[in-house]
Amino acid sequence: MPFNHVLNFFVHLIRKGHERSVRAKKHILYSFGLQGVTIVIGFVYVPLLLDYLDNERYGIWLTLTSILGWFEFFNVGLGSGLRNKFAEAVAQDKHELARVYVSTTYAIVIAIFFAVILLFYVLNPFLQWDAILNTRTVPAQELSILALIVFSFFSLRFILKLVGVILIADQRPAVYNAFMPIGNVITLIIIILLIHFSEDGSLIVLGFVLSAVPAMVLLVMTFVLFNGRYRKYRPSLKLVNLKLSGDLMKLGRKFFIIQISAIVLFMTSNIIIIQLLGPEEVTIYNIAYKYFSIPIMVFAIIMTPIWSAVTEAYVKKDISWLKRTLQRLNLASGIFVVGIFLMLLLSEMVYELWIGDRVSIPFLLSLSMAFFAIINVVLSPYTQFINGFGKLKLTIIVVVVQTTLFIPLAVLLVKSSLGVSGVVLAICLINAMGFLYVPLQTYKILNNKAKGIWGQ
């Protein structure tokens, strides 16, 4: 079984006696169980929401949240900058500096939050959400109110998610993941009650529940951690040092450009589909995506502590650990590729058991999603290493090219009789560009042969 091989892989790491490997394995074991709950609840959501709403309204909800999700990237990459700088400071036992980085990041992100939310509140009354979401069945006024509610809580999460960045930088992702299932369970219970006691599905009520509960969970988590384990890193206005914002922004800007690419490749997919094919096709796309995102999410559990562990090892020049870890991560990704092919073979049966006859998923879409998952899993170890090294100049250049090509390529493939599968194939072609440089750059850095742009 893939799961047993992955666990044995980390047991082997522990036998090497590396402290960072012990931390990684410990938190990955916890995260598997916690993330498993999240995945199961996420799957239960789909038929429940399809019953509470309908195919079109569900597609509208998915597209609206993906659009507003863009604003989570307005932290200008500061979260990613904090992740690396915090890990570096802690690795060097500079805990006061780590707290200064935390305080400064919170101050900047809060300032951005107020500016962005004020701008949205001013512009929202003038946005024609019915045209943006290509619907005539849901009144524009209802969509405007829904957008206001969802964006307000997204903006709050925009700030509160920083505590998760600190946990991940400290290689304790399981602590962050422990809080998420709580919110998911609460939300699931509320949705079941809504279905039981409400005859007509309300997008506004659903939007409030699905947006407010995660934000409240993050608020509680922030309070608990900064008054407990992370008291010594608790943000303080007195410690805000805008001079250090340059350090955060220098690295953060690089991550921001990469994050912009993620927005274009994934979050605009729903916009392309809803405008060219309609809201119902968004539902089909997202159901297939949710199924094939399972191996991506599970593999991400393995990858979560790797980024910061790589930063720590690179600072301490522990190259032998880095090389061994990369080899074993590649072995794990190979196991996951086999699992993805098995998922493809079983996809029709799984869809039937999961959503019945509510929605029909074309096999071409499943095949495209399987290749998307394979590309993601195979490249993930290398991208995490490059992120941990902070050597992002080459990645930024490629990302700009990818971002420029994606939308016209996706539109062309969608209109060429491929339909919704065309969007996924476009994402696969764009992401596959990573094979041209990501592994090579990683090996160059590990072998001290990264000259020029390869080491910047």
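Residues numbered from 1 in each chain as written. Predicted model: local features only at pLDDT ≥ 70, side-chain atom pairs only at ≥ 80, totals over all residues. Heavy atoms only, no water.

### Some thoughts on the pattern of salt bridges
Close approach of charged atoms lets side chains of opposite charge pair. Scanning all chains against the criterion turns up 3 salt bridges. Notably, a salt bridge pairs Glu142 with Arg57, separated by 3.7 Å at the nearest N-O pair. Of the two residues, Glu142 sits in helix H7 (residues 140-160) while Arg57 sits in helix H3 (residues 55-69), which places them 85 residues apart along the sequence. The salt bridge involving Lys85 is made with Glu88; its shortest N-O contact spans 3.9 Å. Taken as a pair, Lys85 and Glu88 lie in helix H4 (residues 78-91) at a separation of 3 residues, close to a single helical turn. Accessibility expressed as a relative area gives 18% for Lys85, which makes it buried. (Salt bridge = Lys/Arg side-chain N within 4 Å of Asp/Glu carboxyl O. Helix = DSSP H or I, 4+ residues; strand = E, 2+ residues; numbered from the N terminus. Buried < 20%, exposed > 50% of the residue type's maximum accessible area, 1.4 Å probe, protein only.)

### Quick look at the packing of aromatic side chains
Under the defined criterion, the tally for this structure stands at 15 aromatic pairs. Measuring from centroid to centroid gives 5.8 Å for Tyr382 and Tyr443, while their planes differ by 65°, and the two rings are edge-to-face. In this pair, Tyr382 is assigned in helix H15 (residues 363-389) and Tyr443 in helix H18 (residues 438-446), connecting sequence segments 61 residues apart. Look at Tyr443 and you get partly exposed, because its relative accessible area is 37%. Aromatic rings pair up to connect Phe86, Tyr230 and Tyr233 into one cluster. Between the NZ or CZ atom of Lys444 and the centre of the ring of Trp454, over which it lies, the distance is 5.4 Å. (Phe/Tyr/Trp six-rings, centres within 6.5 Å; stacked < 30°, edge-to-face > 60°. Lys NZ or Arg CZ within 6 Å of the ring centre and 35° of its normal.)

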